Amino acid sequence: MDPYLIIAAAGAAVTAGSYVWIQSRQDIVIYDYQSALKYRDGRLVGELGPGRHRVSRKREHVTIHDLRRQTITMAGQEILTKDSVAVRISVFGTYAIADAKTMVAASQDIWTEFHTAGQMALRGLIAGLTLEELLAGRPELDAQLKEQVAPVATGLGLTLLTLAVRDVMLPAQLKRAMQSVVEAQKSAQAALETARGEAAVLRSLANTAKMYDGNPSLLQARLLQAVSEGGNSIVFGADGLTARPAPGGK
């Protein structure tokens, strides 16, 4: 057989083999903010760092997870307070994946488990508070809520960054009643301020009258001052001079 034909056939075989090998591989790019888990034949064999990686299409599989901060929202749920008031409360928070391997292996549905843990913790906390305590103690409630849910998040491979009550929605009838209470309080405050102002004026007048009683010449001096300001008429009476505003005067 011609040696050249043998060499050509061998070269073609190598080329074909290289093509098949290339087609059986694929390139994957991992970014700095991602974590990639590499599996071979169904078994976890390592975690890929940032950069370009070539993996087998048939035997290897890579799951990519975003490590950046993410948000979580727990929709409003109706909860009874300690004094049996039904309130609807929603929760907002932020978290990040701390360990992708733990997250994948911890639970079949970590997001449902995460949400459920937050909802159960919230129900337990609200059940121990009256409505007044709930509305007045939001910062303390937020801190307790995060403290209870954080260990669950850690067990799921997550880091809980923030978790806080976003909205407290009251029944319409209760909102109207509370609005009426607030309006009554504001009206009472306004009336009290008016009464305080009137009392201050009366005290000032009483003090002025005492000054005039103890020093009649002071009254005469005040009378002369009023006359000098103009726009007054002088009336002679049994008790002495009295200054009165002139007709049309201020």
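Only a predicted model underlies this, so the values are computations on that prediction, with no experimental measurement involved. (Residues numbered from 1 in each chain as written. Predicted model: local features only at pLDDT ≥ 70, side-chain atom pairs only at ≥ 80, totals over all residues. Heavy atoms only, no water.)

Caption draft 1: Just the pairing of strand S3 (residues 43–48), in detail. Relative to S3, strand S2 (residues 34–40) runs antiparallel, the two sharing five bridges. Paired with Leu37 across the strands is Glu47, a residue of S3. In sequence, S2 turns back onto S3 through a hairpin of two residues, with Asp41 there showing a positive phi of about 55°. (Pairing = 2+ DSSP bridges. Helix = DSSP H or I, 4+ residues; strand = E, 2+ residues; numbered from the N terminus.)

Caption draft 2: Region of interest: a nonpolar patch on the surface. Residues Val29, Tyr31 and Tyr33 make up a contiguous nonpolar surface patch of about 260 Å² in total accessible area. Tracing the backbone through its elements, the reader meets Val29 in strand S1 (residues 25–30). According to the relative accessible area criterion, Val29 is partly exposed, its value standing at 34%. (Patch = residues over 30% accessible without salt bridge, like charges linked within 9 Å, V, L, I, M, F, W, Y side chains within 5 Å. Areas by Shrake-Rupley, 256 points an atom, 1.4 Å probe, with all protein chains shown as cover. Salt bridge = Lys/Arg side-chain N within 4 Å of Asp/Glu carboxyl O. Buried < 20%, exposed > 50% of the residue type's maximum accessible area, 1.4 Å probe, protein only.)

Caption draft 3: Main features of unusual backbone geometry. Positive phi values are uncommon outside glycine, yet Asp41 reaches one of about 55°. Along the chain, the position of Asp41 falls in the loop between S2 and S3. You can call Asp41 exposed: its relative accessible area is 53%. The phi angle at Ser84 is positive, at roughly 65°, despite the residue not being glycine. Residue position: Ser84 is located in the loop between strand S6 (70–80) and strand S7 (86–97).

Caption draft 4: Structural context of the side chain of Asp142. Within the fold, Asp142 resides in helix H5 (residues 138–155). Despite being buried, Asp142 has no salt bridge partner; Arg138 is the closest side chain of opposite charge, sitting 4.9 Å away. Here Asp142 is in contact with Leu163, Ala164 and Val165, once residues within four sequence places are set aside. (Lys, Arg positive; Asp, Glu negative; His and termini not counted. Contact = heavy atoms within 4.5 Å.)

Caption draft 5: Spatial organisation of the pattern of salt bridges. Scanning the model with the defined rule gives seven salt bridges in all. A salt bridge links Arg68 to Asp66; the shortest N-O distance between them is 2.7 Å. Classification of Asp66 as partly exposed rests on a relative accessible area of 27%. Arg166 is paired through a salt bridge with Asp167; the nearest N and O atoms lie 3.6 Å apart. By relative accessible area, Arg166 is classed as partly exposed at 44%. Its relative accessible area of 33% is what places Asp167 among the partly exposed residues. If you follow the salt bridges from partner to partner, you end up with Lys38, Arg40 and Glu60 in one network.

Caption draft 6: Examining the packing of helix H3 (residues 110–127) against H5 more closely. Running from amino to carboxyl end, H3 crosses H5 at an angle of 145°, the nearest separation of the two axes being 9 Å. Note that H3 runs across H5; the crossing there is right-handed. For the pair formed by H3 and H5, the contact residues are Phe114, Ala117, Gly118, Ala121, Leu122, Leu125 and Ile126 on the first element and Leu141, Gln144, Leu145, Gln148, Val149, Val152 and Ala153 on the second. Within the contact of H3 with H5, the residues separate by chemical class into 11 nonpolar, three polar and no charged. (Axes fitted to C-alpha atoms, helices over the stretch in contact; angles between N-to-C directions. Left-handed = near helix turned anticlockwise from the far one by under 90°. Nonpolar A, V, L, I, M, F, W, Y, C, P; charged D, E, K, R; others polar.)

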